[in-house]
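Fold and geometry: a report
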Amino acid sequence: MTSVSKPYWWYSRDIEVMTMEFEMPECDDGSDEGKLVAWHVEAGDMVEAGDRIADVETDKSVIEVTAPGAMVVTELLHSVGDDIPVGEPLVAYEEVDEVEAMSEDDEESTDGEPTQAVSRVGDDESDDEPTSAVSRADEDEPGSAVSRVSEGIVPEDADDETEVLIVGAGPGGYVAAIRAAQLGLGVTLVERDAYGGTCLNYGCIPSKALIHGSEVAHEARTAASLGITAEVEVDFAQLVDWKDGVVDRLTGGVENLCRAAGATLVEGAARFVDDHVAEIETADGTSTLAFENAIVATGSRVIEIPGFEPDGEYVLDSRDALDLEAVPDSLVVVGAGYIGMELSTVFAKLGTDVTVVEMLDDVLPTYDEDISQVIRREAVDLGIDFRFGELAADWERDGDAVAVHTENEDGHAAELTADAILSVPGREPVTDTVGLDALGIEPDEDGFIPTDAQGRTERAHVFAIGDVAGEPMLAHKASHEGEVAAAAIAGEPAALDHAAMPAAVFTDPEVATVGLTREEAEHAGYTPAVGQMPLKGNGRALTVEAPEGFVRIVADEPTGSVLGAQIVAPEASELIGEAALAVEHGLTIEELAGTVHTHPTLSEAIMEAAADAAGEAVHTR
């Protein structure tokens, strides 16, 4: 029988101890340091040989650090997130000379005693000990880090119970549910609106469907230079119906995947009322659910500008814009961020007169200036009008239209008339609907829930993923975080690394980035080598009439390691995957440039930009 770990004072009358330090051991993958991503012990825990102490992430893997022998942990010498060189003291401990001091009766009688504080490397009862203090994630199957409901961790008077409660079934929540169920955990997934969350239902997927439809119409209308002319009529209602069909297909797939994995799906709203209890409100009434671990995946919502609250008719948000019955003749778009620019492009291509009001100096203000310039020039060519440095102050009805009043910093006022206003200033995390105060969790000053490298909040049994866990607000980031949180709960080594997290804006042309910019690399202490390939020199770009844009690769000059990339091009969202792979695995510009790319393709620009960074470009001056 596997014994239950107890604090060191439990054995104080039977053992002799002496204080020592356990150093960061050598890593099997040859790394000379690792980032601490999770502790599995606390000061006061007694562990035996082979018990997992911590998870450490290197450039190549996440590894488990295990106890070399019986010990009592007296102090954790590092915090999660620290980079620890091999040989650096990791924990202080008191060596246990006589583990057998605990009698067999003590092993078998655990009622009322502390629960196990250390997760085992395996669930078998073998007496064999690991030969190394460090084990690779794929060498052993870690035991579950959760304690079973039957062991009394959660209250017994709840209406139902689950091992893992996940609140929110967006790209983070549903992926976490599937992964946790695959790992053998009992999962309850609660969704108050629609499975798939904002992304599948009201954001990523429907907007990209309309982007595609608008592009088809625009290309047909503007192909005269190719000798192709056509009269194009857009039935927007039919386009929206087609978009809805795509959404329904995907959301139905999400439900089926979750159920097939074994997760329990609940349509309702969850709110925490105690440390291990949530109140679930459904159409059938209210009940309580006891849980051992919880994942908060409640996503984000549109920020409302005072005085410009959406009404679905005259003031629209992004969700309204995707479900209009007809293409408006004119729109005033408030905000030139990625949502504002994507939707402005859609409606401009469908024939709407679009005016964008932005209080800052350019479109996509969080991107490099040369990126913003390309997108603005192309938008102007589409007929979009911009009013930079102006604030949308208020609006009023003007017959069947609206009149928007703007102001600049000098107090100059202007009036813009349109059929409707599209207000898209950005998004904010949803943290006020789930009762975080009952858990003792406080969002930070930006409204996000602070987490560690595994998604844990300040309460070790509660995780937060996706938009509520901080920037960048990306669906694929949420999904990755969901997988990491599920693995952590199941006791598997896992950690988050946002260094290679790609992002894309689906304007015309698209924008995609990953890793560091030149300025960010310099700020981080690197000596950057930067290579760039303009699309006007790329054969494929010219054959699709898209010469505006570029591919830029940022590398560390001394080592050649790829640090980041910025792409402005057709299908940039697809091209960025190669650069993300290079950043993730520490590839060099020589390796990237030395990989043969198909000709003629846009991807050749990545090869050429890498060669340019190495000073070996053939097609770039």
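Preceding block: the structure.
The sections below set out a description of the structure shown in this document. (Residues numbered from 1 in each chain as written. Predicted model: local features only at pLDDT ≥ 70, side-chain atom pairs only at ≥ 80, totals over all residues. Heavy atoms only, no water.)

**Examining the packing of helix H2 (residues 171–182) against helix H5 (residues 236–261)**
Angle between the axes and distance between the axes: these two values describe a pair of packed helices. The criterion, for reference: The axes are straight lines fitted to the C-alpha atoms, using for helices just the contacting stretch, and the angles between their N-to-C directions are given from 0 to 180°. By the criteria applied, helices consist of DSSP H or I runs no shorter than four residues and strands consist of E runs no shorter than two, each listed in order from the N terminus. Roughly parallel refers to an angle under 35 degrees, roughly antiparallel to one over 145, roughly perpendicular to one between 65 and 115, and oblique to any angle outside these ranges. Throughout, a crossing is termed right-handed when the near helix is turned clockwise from the far one, and left-handed when it is turned anticlockwise from it by less than a right angle. By definition in these notes, contact holds between two residues if any of their heavy atoms fall within 4.5 Å.
Packing of H2 against H5 leaves a shortest axis separation of 8 Å and a crossing angle of 25 degrees. By the criterion of interaxial angle, the relationship of H2 to H5 is roughly parallel. For the crossing formed where H2 meets H5, the hand is left-handed. Between H2, through Tyr174, Ile178 and Ala181, and H5, the contact on the second element is made entirely by Val254, Leu257, Cys258 and Ala261.

**Some details on the pattern of salt bridges**
Applicable threshold: Should a side-chain nitrogen of Lys or Arg be within 4 Å of a carboxyl oxygen of Asp or Glu, the pair is scored as a salt bridge.
Taken as a whole and judged by the stated rule, the model has 17 salt bridges. Between Arg459 and Asp275 there is a salt bridge, with the nearest N and O atoms lying 2.8 Å from each other. Placement of Arg459 in the loop between strand E25 (427–429) and strand E26 (462–464) and of Asp275 in the loop between strand E13 (269–274) and strand E14 (277–282) is noted, with a sequence separation of 184 residues between them. When salt bridges with common partners are traced through the structure, they connect Glu215, Lys349 and Asp508 into a single cluster.

**A look at the sheet that holds strand E29 (residues 528–534)**
Quick reminder of the rule: What makes two strands pair is DSSP finding at least two bridges between them.
Taking strand neighbours across the sheet as the criterion, the five strands line up as E27-E28-E31-E30-E29 in an open arrangement whose pairing is antiparallel. Only two strands of the sheet have a single partner each, and these edge strands are strand E27 (503–505) and E29. Recorded for the sheet is a direction-independent mean angle of 10 degrees between the axes of neighbouring strands. When E27 meets strand E28 (residues 510–515), the two strands line up antiparallel, connected through three bridges.

**Quick notes on helix H7 (residues 338–349)**
Which entries qualify depends on this criterion: For a helix, the expected span equals 1.5 Å multiplied by the number of residues minus one. Buried residues are those whose accessible area, probed at 1.4 Å on protein chains only, stays under 20% of the maximum for their type, while exposed residues exceed 50% and partly exposed ones sit between those limits.
Here H7 spans 17 Å end to end across twelve residues, near enough to the 16 Å set by a 1.5 Å rise per residue. Buried residues dominate H7, accounting for eleven of its twelve residues. All buried positions along H7 are accounted for by Ile339, Gly340, Met341, Glu342, Leu343, Ser344, Thr345, Val346, Phe347, Ala348 and Lys349. The first or second residue beyond H7 is Gly351, which carries a positive phi of 105 degrees.

**Describing the nonpolar core**
Here is the rule we go by: For our purposes a nonpolar core is just a set of buried Ala, Val, Leu, Ile, Met, Phe, Trp, Tyr and Cys residues, chained together by side-chain atoms within 4.5 Å.
Counting 38 residues, the largest nonpolar core has Phe236 and Met341 as its most contacted members. Breaking this core down by element, the ones donating at least two residues are helix H4 (204–221), H5, strand E18 (330–334), H7, strand E19 (353–358), helix H8 (369–381) and strand E24 (420–423). Here this core gets six residues from one element, more than from any other, and that element is H7. Once you skip the residues sitting within four places of it in the chain, Phe236 turns out to touch Leu210, Ala321, Leu324, Glu325, Ala326, Val327, Phe347 and Leu350.

**Some remarks on the packing of aromatic side chains**
Worth spelling out the cut-off: By convention, a stacked pair of Phe, Tyr or Trp rings (six-membered ring in the case of Trp) has centres within 6.5 Å and planes under 30 degrees apart, an edge-to-face pair has planes over 60 apart, and any other such pair is tilted. Whether a charge sits over a ring comes down to the Lys NZ or Arg CZ being within 6 Å of the ring centre and within 35 degrees of the ring normal.
In the structure shown here, the tally under the stated rule is four aromatic pairs. Measuring from centroid to centroid gives 5.2 Å for Phe386 and Phe388, while their planes differ by 5 degrees, and the two rings are stacked. Residue classification places Phe386 among the buried residues on the basis of a relative accessible area of 13%. Accessibility expressed as a relative area gives 26% for Phe388, which makes it partly exposed. Above the ring of Tyr202, the side-chain terminus of Arg319 is found at 3.5 Å from the ring centroid.

**What to know about the environment of Leu416**
Here Leu416 is to be found in strand E23 (residues 413–418). Residues Leu416 and Trp395, spaced 21 residues apart in sequence, show a C-alpha to C-alpha distance of 9.2 Å. If sequence neighbours within four positions are ignored, Leu416 has contacts with Val332, Thr355, Val357, Arg387, Val402, Ala403, Val404 and Thr406.

**Brief notes about the sheet that holds E19**
Taken in spatial order, the five strands line up as E17-E24-E18-E19-E20 in an open sheet, and their pairing is parallel. The outermost strands of the open sheet, each flanked by one partner alone, are strand E17 (315–316) and strand E20 (385–388). With five bridges connecting them, E18 and E19 associate as parallel partners. Looking at E19, one finds that Val332 is bridged to Thr355.

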